[in-house]
Amino acid sequence: MSRRTLLLLLAAAGCLGDLVEDGAQHYPDGTDSAGGSSTTAGTHTGPGDSVETDTGEVPTTTLGPGSAASTTGEGPPDTGPVIVSFAFEPEVLHEAGAAQPVAVVSEDVVELSLQLEGVEKWAGPPPAIAWAFEATSSASDGEYTFVLVARDAEGEEAAAEAKLWVSLPASGTEKCQFEEDAGSGWLAAAEYGDEALVVAGALAKPALEATVWRLDPDSCQPQAGYPWAISQWTEAPLVGPPSQAVGLATDELGRMAIAANLGSGLTRRPYVAVLTPQGALEWEVVGPVGQTYSGIAAVPGGVVVVGEQLVNEAPPQYDGLVESFDLEGTKLWTDSLAAPLPGDDWDDGLNVLDEHPRGVVWSEQAKTVMVVGERYVKAENNKTRLRAFSVQYSISGSLTTAWTSAGLDSTDDGLVTVTRCGEELVAGGWIQNEQSARASATRWLDLAGNGEKKRRLDALDEALTQGLACDREEKFTAAISDPLTAYAVGYRTSDDPFLYKLELPSASLRAASCDSRGFCAVAGLQGAHPWLRVHHP
C-alpha cells in the first residue's frame with residue numbers, strides 16, 4: 001500500500017532535488033548540506049555549556065524567498081517518515097542571542113524529538129519545534145551537533161543532524177557607543193525596555209534641560225524624534241530651565257517614568273512625569289520648593305521616587321523623602337525619613353543629622369520597596385559619621401525595617417544605587433577610613449536590608465560605584481568613577497577577580513543597565529557630552 005506525503009514547497013520548487021540543492025547554499029563546509037539525513041549521535045566541543053530557553057512556538061521557516069510558510073505538498077510513495085530539512089536559524093551565533101531549530105517533515109510524522117549528546121532537549125508534535133538554543137556569553141562557545149528524530153504512528157523513525165556554531169566576543173567587548181554632540185550635558189539614568197535602550201539626563205542647547213533619549217539597542221543610534229527635552233513634552237508654568245533628569249524607570253504599562261529636578265540651589269523643585277514610548281506626556285507632578293529627587297523605581301500599580309527635603313537653610317540640613325504615585329499620577333503616600341530609625345540606639349532631638357536616600361528598587365521576593373542611601377549617625381564617643389543605610393516600605397507606605405552600617409569595613413561608608421539580581425538585592429557605593437581616599441564597594445542585602453554579611457571592596461582610589469546592573473548569567477556590570485577617570489568593570493560575586501576592567505579616561509559614569517539577552521550599558525559623560533557604551537555579556 002502506498003501513500004502520499006506532504007512536503008514543504010514542493011509545488012513551488014518543482015521537485016525535492018531542486019529544494020535540497022537550493023538549501024545547500026545556506027550551509028558552510030562541514031555541515032549536512034543534504035538536509036541532515038545522517039543518524040550520527042550528537043556531539044559538542046568547546047569550553048562552555050549551552051543555555052536553553054523555551055521560547056514558545058515559532059512558525060516553520062520557508063526555504064526560499066517569497067515562499068509560503070506551509071508544510072503541505074505532494075511527495076513520493078510511502079517510505080516511512082521523512083525529514084526533508086533540518087537546520088538552525090541562524091546556524092552561526094556571533095553574539096548573545098537565540099538560534100531556532102527548524103525542520104520540514106513528511107505528513108505522517110506525529111512526534112519529533114530534539115537531542116544533544118544523547119539528552120532530549122524537547123519533544124512534541126510537528127510542525128514547529130518549541131525550543132531555542134540561547135547563547136549568553138563566550139562560555140557558550142563551541143560546535144554543537146543536534147539530532148532530530150521523527151516518528152510516525154507505526155513507530156518508524158528517521159533521524160537527521162544539524163550543526164550550530166557559537167563564537168561570542170569576550171565579556172566586556174564593545175558592541176556600540178553613543179555620544180550626543182548636539183550640546184553639552186550628561187546621562188544620569190539608563191533602562192533597557194522591550195524595544196529601546198532608554199537613557200535620561202540633561203542637555204544644554206543652550207539652556208540646560210532634562211532630556212530623554214531612546215536608542216536602538218543594537219546600534220546605539222537614537223530613534224526618530226529623540227532626544228526629547230522637557231520643554232517639548234510639557235507646558236507646565238513651573239517647568240523651566242535649568243532642569244535635569246536624575247532617575248528613570250519603565251512602569252508596568254511600558255511607559256517611561258522620569259524623575260527630575262527643576263531650578264538650582266536651595267530653590268529646586270522635584271518633578272516626576274510618565275511619557276509614552278512616542279514621548280507624549282501621560283501625567284506629571286511638580287513638587288514644592290526645597291525638595292529634590294534622586295531615584296525612581298517601578299512598583300506594582302505605579303512608581304516610587306526617593307530624594308530629600310530641606311529642613312533648615314543655614315546651614316542646609318535634610319531629611320529623606322519617599323513618595324508613591326499610582327499609574328494615573330495620583331500621589332498615594334509620602335514619608336519623611338529622619339532619626340531615629342528602627343535599630344537606632346540614639347536620638348537626634350534637634351534633627352541636625354541628614355538622611356540622603358539615593359536609590360530605590362522593588363523586591364519581588366519580599367514584596368517591599370527597598371531604599372538605600374547615606375545618613376549621618378552618632379557613632380563611638382558620640383562622634384558623627386556618614387554611614388550606609390537601607391529602609392523597607394510596604395506597597396502601602398508602611399516603614400517595616402531599617403539597617404544602618406556599623407562601620408565594619410571603615411569609619412564611613414555609603415550606598416548610591418541598588419538593583420535586583422535573581423532573587424537578591426545588591427547595592428553599590430563606597431567606603432572610607434578617616435581621611436583616606438574613598439574606594440568602591442558592593443553590598444549584597446538580605447531580606448532585612450542588612451549589607452554587612454556579604455560585600456565586595458575594590459581598591460580603586462577616590463572611586464564610588466554609581467551604577468550597578470546584573471545580566472542573565474547573574475554577572476554584574478558596575479559603573480565606577482573617580483574625579484579623573486571612569487571604570488566599567490565586571491564580576492560575579494564578592495571574592496572573584498574582575499571579568500573585565502575598562503579604564504575610560506575623561507569620562508564619568510553614573511548609571512548601568514542590562515537587557516534580557518545579557519548586553520549591558522554604562523552611561524554618563526565623555527568630556528562634556530552625554531555618552532554611553534554597550535558591551536557584550
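No experiment lies behind these values; they were computed from the predicted model shown.

Concerning the overall build of the chain
Next up, step 1: Helix and strand counts for the chain stand at three helices and 38 strands.
Next up, step 2: Relative to all contacts within the chain whose residues are 6 or more apart in sequence, the contacts with residues 24 or more apart total 54%.

Overview of the state of the cysteines
Here a disulfide denotes one covalent bond, and it connects the sulfur atoms of two cysteines.
Next up, step 1: In the structure shown here, the tally under the stated rule is three disulfides.
Next up, step 2: One disulfide bridge connects C421 with C470, the sulfur atoms lying 2.1 Å from each other. With the S-S dihedral at roughly 45°, the linkage between C421 and C470 falls on the right-handed side. Taken as a pair, C421 in strand β28 (residues 412-421) and C470 in strand β32 (residues 464-470) lie far apart in primary sequence, 49 residues in all. In terms of burial, C421 and C470 fall into one category: buried.
Next up, step 3: Counting only the cysteines that take part in disulfides, in the order they occur along the chain, gives the pairing 1-2, 3-4, 5-6.

Observations concerning the side chain of R443
Next up, step 1: Along the chain, R443 falls in strand β30 (residues 439-445).
Next up, step 2: By relative accessible area, R443 is classed as buried at 2%.
Next up, step 3: Of note is the side chain of R443, whose polar atom sits 3.3 Å from the side chain of D409.
Next up, step 4: Once residues within four sequence positions are removed from consideration, R443 is found in contact with W403, D409, D413, L415, L425, V426, A427, I431, G451, E452, K454 and R455.

Quick notes on the nonpolar core
Side chains that are nonpolar tend, in soluble globular proteins, to be buried together.
Next up, step 1: F86, F88, F133, F146, L532 and V534 are the most contacted members of the largest nonpolar core, which has 45 residues in total.
Next up, step 2: No other element matches the five residues that strand β10 (residues 157-166) contributes to this core.
Next up, step 3: Once residues within four sequence positions are removed from consideration, F146 is found in contact with F86, F88, L114, Q115, L116, W131, F133, A160, E161, A162 and L164.
Next up, step 4: Within the second largest apolar cluster, 20 residues are counted, among which are A189, A200, I230 and L275.

Quick word on the sheet that holds strand β19 (residues 281-286)
Next up, step 1: Read across the open sheet, the four strands follow the order β16-β17-β18-β19; overall the sheet is antiparallel. Whereas interior strands pair on both sides, the edge strands pair on one side only; in this sheet they are β16 (243-250) and β19. Put simply, the sheet's adjacent strands are angled 20° from each other on average, direction ignored.
Next up, step 2: Across seven bridges, the pairing between β16 and strand β17 (residues 256-262) is antiparallel. From the neighbouring strand, A249 faces β17, where its bridge partner is A257.

Overview of the confidence of the model for the chain
Next up, step 1: Summary statistics for the chain give a mean pLDDT of 87 and a share of 85% for residues scoring 70 or more.
Next up, step 2: Predicted confidence for residues 1-75 stays below pLDDT 50, and this span has 157 contacts to residues more than four positions away or in other chains.

Describing the packing of aromatic side chains
Next up, step 1: Going through the model one piece at a time under the given rule, you end up with ten aromatic pairs.
Next up, step 2: The positively charged end of K175 is found above the aromatic ring belonging to F519, 4.6 Å away from the centroid.
Next up, step 3: Positioned over the ring face of W430 is R438, at 3.5 Å from the centre of the ring.

Let's talk about unusual backbone geometry
Next up, step 1: A cis amide bond, omega -5°, links P241 with the succeeding residue P242.
Next up, step 2: Looking at the secondary structure, you find P242 in the loop between α3 (230-233) and β16.
Next up, step 3: Its identity is not glycine, yet E474 carries a phi of approximately 60°, on the positive side.
Next up, step 4: Within the secondary structure, E474 sits in the loop between β32 and β33 (476-481).
Next up, step 5: With relative accessibility at 40%, the residue E474 sits in the partly exposed group.

Quick word on the pairing of β32
Next up, step 1: Where burial is concerned, most of β32 is hidden: six out of the seven residues are buried.
Next up, step 2: Of the strand pairs in this sheet, β32 and β33 are connected by six bridges, and their pairing is antiparallel. Counterpart to A469 in the pairing with β33 is T477.
Next up, step 3: Counting the residues between successive antiparallel strands, the hairpin from β32 to β33 contains five residues, one of them, E474, with a positive phi of roughly 60°.

Re the side chain of R385
Next up, step 1: Structurally, the position occupied by R385 is in strand β26 (residues 384-393).
Next up, step 2: On the basis of relative accessible area, R385 is assigned to the buried category, the value being 6%.
Next up, step 3: Side-chain polar atoms of R385 contact the side chain of D412, separated by 3.5 Å.
Next up, step 4: Every residue in contact with R385, bar those within four places of it in the chain, is listed here: R375, Y376, V377, A379, E380, T411, D412 and E434.

Considering the pairing of strand β29 (residues 424-432)
Two faces belong to every sheet, and in a regular strand the side chains alternate between them.
Next up, step 1: Burial analysis of β29 places eight of its nine residues in the buried class, which makes it a mostly covered element.
Next up, step 2: The pairing of β28 with β29 spans nine bridges and is classified as antiparallel. In the sheet register, D413 faces β29, and the bridge partner there is I431.
Next up, step 3: As consecutive antiparallel partners, β28 and β29 are separated by two residues, and within that stretch G422 has a phi angle of approximately 65°, a positive value.
Next up, step 4: Sheet analysis places β29 next to β30, joined by seven bridges and oriented antiparallel. Its bridge partner lying in β30, L425 is registered against L445.
Next up, step 5: Between the end of β29 and the start of β30, which pair antiparallel, lie six residues, with E434 showing a positive phi angle near 50°.

A closer look at the sheet that holds β30
Next up, step 1: An order of β28-β29-β30-β31 is seen for the four strands of this open sheet, with the pairing classed as antiparallel. Looking along the sheet, the strands with just one partner apiece sit at the ends: β28 and β31 (454-461). The sheet shows a mean angle of 20° between the axes of neighbouring strands, direction not considered.

Points about the pattern of salt bridges
Next up, step 1: With the rule as written, the count across this model stands at 26 salt bridges.
Next up, step 2: Close ionic contact of E111 with R151 constitutes a salt bridge, the shortest N to O distance being 3.5 Å. Residue E111 is found in strand β6 (residues 109-116), and its partner R151 is found in strand β9 (residues 142-152); the two are separated by 40 residues along the sequence.
Next up, step 3: Note that D344 is salt-bridged to R375, the shortest N-O span being 2.8 Å.

Calculation rules
Residues numbered from 1 in each chain as written. Predicted model: local features only at pLDDT ≥ 70, side-chain atom pairs only at ≥ 80, totals over all residues. Heavy atoms only, no water. Helix = DSSP H or I, 4+ residues; strand = E, 2+ residues; numbered from the N terminus. Contact = heavy atoms within 4.5 Å. Disulfide = S-S within 2.5 Å. Buried < 20%, exposed > 50% of the residue type's maximum accessible area, 1.4 Å probe, protein only. Polar contact = N/O pair within 3.5 Å; in protein donor to acceptor, adjacent residues only side chain to side chain. Core = buried A, V, L, I, M, F, W, Y, C linked by side-chain atoms within 4.5 Å. Pairing = 2+ DSSP bridges. Axes fitted to C-alpha atoms, helices over the stretch in contact; angles between N-to-C directions. pLDDT = per-residue confidence, 0-100. Phe/Tyr/Trp six-rings, centres within 6.5 Å; stacked < 30°, edge-to-face > 60°. Lys NZ or Arg CZ within 6 Å of the ring centre and 35° of its normal. Salt bridge = Lys/Arg side-chain N within 4 Å of Asp/Glu carboxyl O.

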